[in-house]
Amino acid sequence: MTKTSIIRAQNLCKTYNTGSEQYHAIRNVDLDIYEGDFTVIMGNSGSGKSTLLYLLSGLDQVTAGEVYFQDQRIDAYSEREMSEFRTRRIGYIYQSINLVPDLSIQDNIALPGYIAGSKKSEVKARSTHLMKAMDIDGQNSRLPSQISGGQQQRAAIARALINSPDIIFADEPTGSLNYEHGKAVLDILTDINRKGQSVVMVTHDIKAACRADRLIFIRDGKVGGILEFDKYDEHQIQDRESMVFAFVSGKE
Ligand SMILES: Nc1ncnc2c1ncn2[C@@H]1O[C@H](COP(=O)(O)OP(=O)(O)OP(=O)(O)O)[C@@H](O)[C@H]1O
């Protein structure tokens, strides 16, 4: 089956300027993210994974190169177009959960819906539905500090889904969670993906990486290798963890 590109990076570069020094975090990356895929990005600490996610999602400006979303060049968007793109087309789950501390859980989830200008009643209904789906429906009037880390992360996922984005980016969404909460978050992302949503997830965890259709390894700001899985191959399904382990060990 031919896959359709949802995000395409061409000759992508990101250089950070710190005082008199320059750091080339992303170096001439050419990459496609495919529609409907569960894409996982792995790589050593400092290799450029979060930077790449920021560039692919339009959350940070490229230094050079191009980023396309469904054939539209997003790095050339005006500020207004970019803000519309970020609000409506993408959902972002941050490494640090990033909920607004003095808003209730339901208001945190609903906020991007209000920003997008959707009808209040629709946003309310959708946030209620998402809280149920994420199993946090008893927590709607609590503040983030009054619920567990796992519940906060599920609220962050609900917030990322409120505007029914085309693609979800998740930067180490299980990094701060225990095994049980981490597994619940991965199950939710897998479920969302099975229902057709494209997911791009950064992780250090081999077990989490096994959820991928496609695994991209980043080394020193470049694509160091790509591993594609056949989701219908029984042998691959059973042996995926050792495949991922062998792939990652060979790339580090
Ligand atoms: N704002 C910044 N200014 C200067 N350098 C930065 C900035 N952000 C990131 N870097 C540097 O760019 C490189 C890539 O950082 P990035 O956060 O993308 O790595 P990462 O692979 O996501 O790391 P980790 O797995 O530890 O989260 C690192 O060397 C980092 O120190």
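Keep in mind that this is a model prediction, so the values were computed, not measured.

1. Quick word on the pairing of strand 4 (residues 64-69)
- Pairing of strand 1 (residues 5-18) with strand 4, which is carried by 5 bridges, proceeds in the antiparallel orientation. Within the sheet, the bridge partner assigned to Gln10 lies in strand 4 and is Glu66.
- Pairing analysis gives 2 bridges linking strand 4 to strand 5 (residues 72-73), with the strands arranged antiparallel. Paired with Phe69 across the bridge in strand 5 is Gln72.
- Hairpin connection, strand 4 to strand 5: the antiparallel pair is bridged by 2 residues, and Gln70 has positive phi, about 45 degrees.

2. Observations concerning the sheet that holds strand 5
- If you trace the 4 strands from one edge of the open sheet to the other, you get 2-1-4-5, paired in antiparallel fashion. Of all the strands in the sheet, the pair left with one neighbour each is strand 2 (21-34) and strand 5.
- Helix-sheet contacts for helix 1 (residues 49-56) involve strand 1, strand 2 and strand 4, and the interaxial angle to strand 2 is about 60 degrees.

3. A closer look at the site of the ligand
- The immediate surroundings of the ligand are formed by Tyr16, Thr18, Tyr23, Ala25, Gly43, Ser45, Gly46, Ser47, Gly48, Lys49, Ser50 and Thr51.
- The dominant element in the shell around the ligand, judged by the number of residues it contributes, is helix 1, at 3 residues.
- Class assignment for the residues of the shell around the ligand results in 3 nonpolar, 8 polar and 1 charged.

4. What about the domain arrangement of the chain?
- Domain boundaries assigned for the chain yield domain 1 (5-89 + 165-251) and domain 2 (99-162).
- Distance between the C-alpha centres of domain 1 and domain 2: 24 Å.
- With 10 residues of domain 1 at the contact, the number on the domain 2 side is 10 residues.
- Here the side of domain 1 that touches domain 2 takes 4 residues from helix 6 (residues 179-194), the largest share from any one element.
- A class-by-class count of the residues in the side of domain 1 that touches domain 2 yields 6 nonpolar, 3 polar and 1 charged.

5. Side note on the nonpolar core
- Among the nonpolar cores identified, the biggest contains 62 residues, and Ile41, Leu56, Ala158, Phe169, Val200 and Leu215 are the most heavily contacted of them.
- Broken down by element, the residue count for this core peaks at 6 residues, all from helix 5 (residues 149-161).
- Looking at this core, you find at least three residues from each of domain 1 (5-89 + 165-251) and domain 2 (99-162).
- In contact with Leu215, other than residues within four places in its own chain, are Val40, Met42, Ala209, Ile226, Leu227, Val244 and Phe247.

Calculation rules
Residues numbered from 1 in each chain as written. Predicted model: local features only at pLDDT ≥ 70, side-chain atom pairs only at ≥ 80, totals over all residues. Pairing = 2+ DSSP bridges. Helix = DSSP H or I, 4+ residues; strand = E, 2+ residues; numbered from the N terminus. Contact = placed C-beta atoms within 7 Å. Axes fitted to C-alpha atoms, helices over the stretch in contact; angles between N-to-C directions. Near = placed C-beta within 6 Å. Nonpolar A, V, L, I, M, F, W, Y, C, P; charged D, E, K, R; others polar. Domains from an automatic or database assignment. Core = buried A, V, L, I, M, F, W, Y, C linked by C-beta atoms within 7 Å. Buried ≥ 20, exposed ≤ 12 C-beta atoms within 10 Å, placed from the backbone.

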